Amino acid sequence: MEGDVTDKQEDSASVCEFDPITGNIPATKVEITVSCRDLLDQDTFSKSDPMCVLYTQGVESKQWREFGRTEVIDNTLNPDFVRKYILDYFFEEKQNLRFDIYDIDSKSPDLSKHPTDFNDFLGQAFCTLGEIVGSPASRLEKPLGGIPGKTCGTIILTAEELGNCRDCATMQFCAHKLDKKDFFGRSDPFMVFYRSNEDGTFTICHKTEVVKNTLNPVWQPFSIPVRALCNGDYDRSIKVEVYDWDRDGSHDFIGEFTTSFKELSRGQSQFNVYEVVNAKKKIKKRRYINSGTVTLLAFSVESEHTFLDYIKAGTQIHFTVAIDFTASNGNPSQSTSLHYMNPYQMNAYAMALKAVGEIIQDYDSDKMFPALGFGAKLPPDGRVSHEFPLNGNVDNPYCNGIEGILEAYHQSLKTVQLYGPTNFAPIINHVAQYAAAVQDGSQYFVLLIITDGVISDMAQTKEAIVNGAKLPMSIIIVGVGQAEFDAMVELDGDDIRISSRGKLAERDIVQFVPFRDYMDRTGNHVLSMARLAKDVLAEIPDQLISYMKSKGIKPHHTPTDCSPSAPGSPVAV
């Protein structure tokens, strides 16, 4: 559990607020909490380190696609995961779900890299969202299966409809004179918060970090959505348990107390000093008073702003395209090339560009987009450039709409020579230069890189991304062709935040998807491209919000002058 409780975890595994493809209006949002009991013990010298992966099934393709992951909890066969899944619930649809449980021994986010002899796979369960919601108290218990001849334990799935409350509470606690639980030294305390459910049960909603070797800990401030804490019901009971952390996962219970959002909202006062009580001790010891006290040091609430709040307030999204012109794509005049211009069908580059661009262009008022290429020899002298305008105009690289970009792309293939290497850093730094000039929240920059190959300047690219994470920008990478894209998965940073020279990226700003995952075998490219656009754009709203929050920017109506500030005038290098 060390990695679990010492790191501040986000409150949800995946939140898909932004769905530009589907026209359906969800009936409601449902939060799924996952627990398991009696999992298989696959580790020799300790217990398993489980993680749950949720897959959802596409309506038209029936393919399973990963939706999100919980945190990893060390050394336990009975995990109660803190990270939730938040799903749109459609009453009229059969929403198939698959929960896979893994024992995580590797830091690789790629589950296919784990041994295939079931050493890391602990079991799976299938159900529908309707099954969970329709179970008594919306609590579904199912046996885990998937490993022949073995009893894999049980998965417990609980659903709760989320209220519309958009407030976020930030609070900080300290404790005084907690019970000493460790033989050699003091306790290592942490707290676990639970919200109460309609049926009187409790659902875990937050864990603090562990404060080592003290009976008087001061925990870091933390933020949590009010709906996660009490689902908008200010009188609903909140239970807090205090534990002494142990490396082997058998944490010692110190005691507990209950409160409510209403009580906490009084802030620091005599009303928010709580006795930590261990009921078993109280029964056994006549003179027992408490196992210490916990005090609320600070409490504040502010409204969470959504992506649409910023868009309505005038934030413009500027879209820049960068296309890979390296020789590994193959000769454009041959049908085996990824750049081949088939008169009857768009190639992978054009399809990816059109799918993403047609969504993003709706958020850019002037529909003028800079389009760049990299990795080619340019006429007339054959110098290699990693940042050249597709339309050939260094002073004005803007193309009119997505059709304009496609036209410039086709023309470039006739004039430049595919070469190499595959360098991302110049393009990323180019967009970052413009993003750095407009950090007031009025503009946000999205760079789409479409590439076929293994990256050549990984160290420089990592540094560019770490620097870019401080700026109003996001990067989408679409990999085309059959190459190994391990480096791109690392850049994505969903599971392990990217770092450069010991510096961690402030935000996750990269989203990578392999194009081949979206090739519909039936030839239905419209549906394939809709899924591609949905997946690559799903993280943009949260990335934009994370930037605004990091800078303390609230939505406000500002006059925006898009053209001069958007990335332009790239210098060919």
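Residues numbered from 1 in each chain as written. Predicted model: local features only at pLDDT ≥ 70, side-chain atom pairs only at ≥ 80, totals over all residues. Heavy atoms only, no water.

> Break down the overall build of the chain for me, citing the residues and quoting the values.
Helices and strands together make up the secondary structure of the chain, namely 14 helices and 29 strands. Counting the 573 residues in the chain, one finds 54% classified as buried. Considering only intrachain contacts with a sequence separation of at least 6, the fraction spanning at least 24 residues in the chain is 73%. Accessible area of the chain: about 25700 Å², with a carbon and sulfur share of 50%. (Helix = DSSP H or I, 4+ residues; strand = E, 2+ residues; numbered from the N terminus. Buried < 20%, exposed > 50% of the residue type's maximum accessible area, 1.4 Å probe, protein only. Contact = heavy atoms within 4.5 Å. Areas by Shrake-Rupley, 256 points an atom, 1.4 Å probe, with all protein chains shown as cover.)

> So what about the packing of aromatic side chains? Which residues, and what values?
Going through the model one piece at a time under the given rule, you end up with 18 aromatic pairs. Look at phenylalanine 257 and tyrosine 274: their rings are 4.7 Å apart centre to centre, the planes differ by 15°, and that puts the pair in the stacked class. Within this pair, whereas phenylalanine 257 is found in strand β15 (residues 252-260), its partner tyrosine 274 is found in strand β16 (residues 273-275), the two being separated by 17 residues in sequence. Take phenylalanine 257: its relative accessible area is 5%, and that puts it in the buried class. A residue is classified by how much of its surface remains accessible, and tyrosine 274, at 8% relative accessible area, is buried. (Phe/Tyr/Trp six-rings, centres within 6.5 Å; stacked < 30°, edge-to-face > 60°.)

> Any details on the nonpolar core? Residues and values, ideally.
General note: in soluble globular proteins, nonpolar side chains tend to be found buried as a group. In this structure, Phe319, Phe325, Ile476, Val478, Phe515 and Leu532 are the most contacted members of the largest nonpolar core, which totals 54 residues. Of the residues forming this core, the biggest block, 10 residues, is contributed by helix α7 (residues 348-360). Apart from the residues within four sequence positions on either side, isoleucine 476 is in contact with Val356, Val446, Leu447, Leu448, Ile449, Gln511, Val536, Leu537 and Ile540. Listed in part, the 36 residues of the second largest apolar core include Leu39, Ala125, Leu157 and Ala159. (Core = buried A, V, L, I, M, F, W, Y, C linked by side-chain atoms within 4.5 Å.)

> Could you give an account of the packing of α7 against helix α8 (residues 401-415), naming the residues involved and the relevant values?
For the pair α7 and α8, interaxial distance at closest approach is 10 Å and the crossing angle is 160°. By the criterion of interaxial angle, the relationship of α7 to α8 is roughly antiparallel. Judged by the twist between their axes, the crossing of α7 over α8 is right-handed. Taking contact as the criterion, the partners of Tyr349, Ala350, Leu353, Lys354, Gly357 and Glu358 in α7 are, on α8, Ile402, Glu403, Ile405, Leu406 and Tyr409. (Axes fitted to C-alpha atoms, helices over the stretch in contact; angles between N-to-C directions. Parallel < 35°, antiparallel > 145°, perpendicular 65-115°, else oblique. Left-handed = near helix turned anticlockwise from the far one by under 90°.)

> Can you break down the layout of surface pockets residue by residue, with the values?
In this structure, the second largest pocket spans a volume of roughly 470 Å³. Lining the second largest pocket are 23 residues, with Thr158, Asn197, Thr201, Phe202 and Thr203 positioned closest to its centre. Broken down by secondary-structure element, the contributors of at least two residues to the lining of the second largest pocket are β2 (28-37), β9 (154-161), β11 (189-196) and β12 (202-207). It is β9 that provides the largest number of residues to the lining of the second largest pocket, a total of 5 residues. Grouping the amino acids of the lining of the second largest pocket by side-chain chemistry returns 6 nonpolar, 8 polar and 9 charged. (1 Å grid on protein atoms, 1.4 Å probe; cavity = no way out; pocket = protein on both sides within 12 Å on 5 of 7 lines; lining within 4 Å. Points joined across faces, edges and corners; volume = space filled by probe spheres on them. Nonpolar A, V, L, I, M, F, W, Y, C, P; charged D, E, K, R; others polar.)

> Could you give an account of α8, naming the residues involved and the relevant values?
An α-helical segment advances 3.6 residues per turn. Residues three or four places apart therefore align on the same side. Between its terminal C-alpha atoms α8 stretches 22 Å, which fits the 21 Å expected from 15 residues at 1.5 Å a residue. Regarding α8, the residues found buried are Gly401, Ile402, Gly404, Ile405, Leu406, Ala408, Tyr409, Ser412 and Leu413. Of the surrounding secondary structure, the elements contacted by the buried residues of α8 are β18 (316-324), α7, β19 (368-374), β23 (398-400) and β24 (417-418). (Expected span 1.5 Å × (residues − 1).)

> How would you sum up the sheet that holds β15? Please name residues and give values.
Ordered in space as β12-β11-β14-β15, the 4 strands form an open sheet in which the pairing is antiparallel. Both outer strands of the open sheet, β12 and β15, are each paired with one neighbouring strand and no more. Pairwise comparison of adjacent strand axes, ignoring direction, gives a mean angle of 30° for this sheet. For β11 and β12, the ladder comprises 5 bridges, and the chain directions are antiparallel. Note that in β12 the partner of tyrosine 194 across the bridge is isoleucine 204. (Pairing = 2+ DSSP bridges.)

> Requested: an account of the pairing of strand β3 (residues 50-57), with residues and values cited.
Burial within β3 is extensive, with 6 of its 8 residues counted as buried. Relative to strand β6 (residues 96-103), β3 is paired through 7 bridges, and the arrangement is antiparallel. Counted as the bridge partner of leucine 54 is phenylalanine 99 from β6. Sheet topology note: the β3/strand β4 (residues 64-69) ladder contains 5 bridges and is antiparallel. For threonine 56, the partnering residue across the bridge sits in β4 and is arginine 65.

> Describe in detail the pattern of salt bridges, supporting the description with residues and values.
Overall, the coordinates contain 18 salt bridges when judged by the stated rule. Across the pair aspartate 80 and arginine 37 runs a salt bridge, and its minimum N-O distance is 2.9 Å. Of this pair, aspartate 80 sits in the loop between β4 and β5 (84-89) while arginine 37 sits in strand β2, placing them 43 residues apart in sequence. The exposure class of arginine 37 is partly exposed, given its relative accessible area of 29%. The residue lysine 462 makes a salt bridge to glutamate 490 at a minimum N-O spacing of 2.6 Å. Taken together, the positions of lysine 462 in helix α10 (residues 458-468) and glutamate 490 in helix α11 (residues 486-492) put the pair 28 residues apart, joining distant regions of the chain. Glutamate 490 gets classed as partly exposed once you look at its relative accessible area, which sits at 39%. A network of salt bridges, in which partner residues are shared, links Glu31, Glu160, Arg195 and Arg236. (Salt bridge = Lys/Arg side-chain N within 4 Å of Asp/Glu carboxyl O.)

> Let's hear about unusual backbone geometry: which residues, and what values?
Here the residue pair proline 379 and proline 380 is connected by a cis peptide bond, since its omega of 0° sits within 30 degrees of zero. Mapping proline 380 onto the fold places it in the loop between β20 (376-378) and β21 (383-385). The step from glycine 420 to proline 421 runs through a cis peptide bond, and the omega angle for that step is -5°. Secondary-structure assignment places proline 421 in the loop between β24 and α9 (425-437). Not every positive phi belongs to a glycine, and asparagine 213 is a case in point at roughly 55°. Tracing the backbone through its elements, the reader meets asparagine 213 in the loop between β12 and β13 (222-225). For asparagine 213, a relative accessible area of 42% corresponds to the partly exposed category.

> So what's going on with α10? Residues and values would help.
Inspection of α10 places Met458, Thr461, Lys462, Ala464, Ile465, Val466 and Gly468 among the buried residues, and these make up the whole buried set. In this fold, the buried residues of α10 make contact with α9, β26 (473-479), α11, β27 (499-500), β28 (503-504) and β29 (510-514).

> Just give me the short version of the pairing of strand β17 (residues 293-303), but keep the residues and values in it.
The pairing of strand β10 (residues 167-176) with β17 spans 10 bridges and is classified as antiparallel. Residue pairing for β17: cysteine 168 is matched across the bridge by glutamate 302. Across 3 bridges, the pairing between β16 and β17 is antiparallel. Residue tyrosine 274 lies in a different strand from β17, and its bridge partner there is valine 294.

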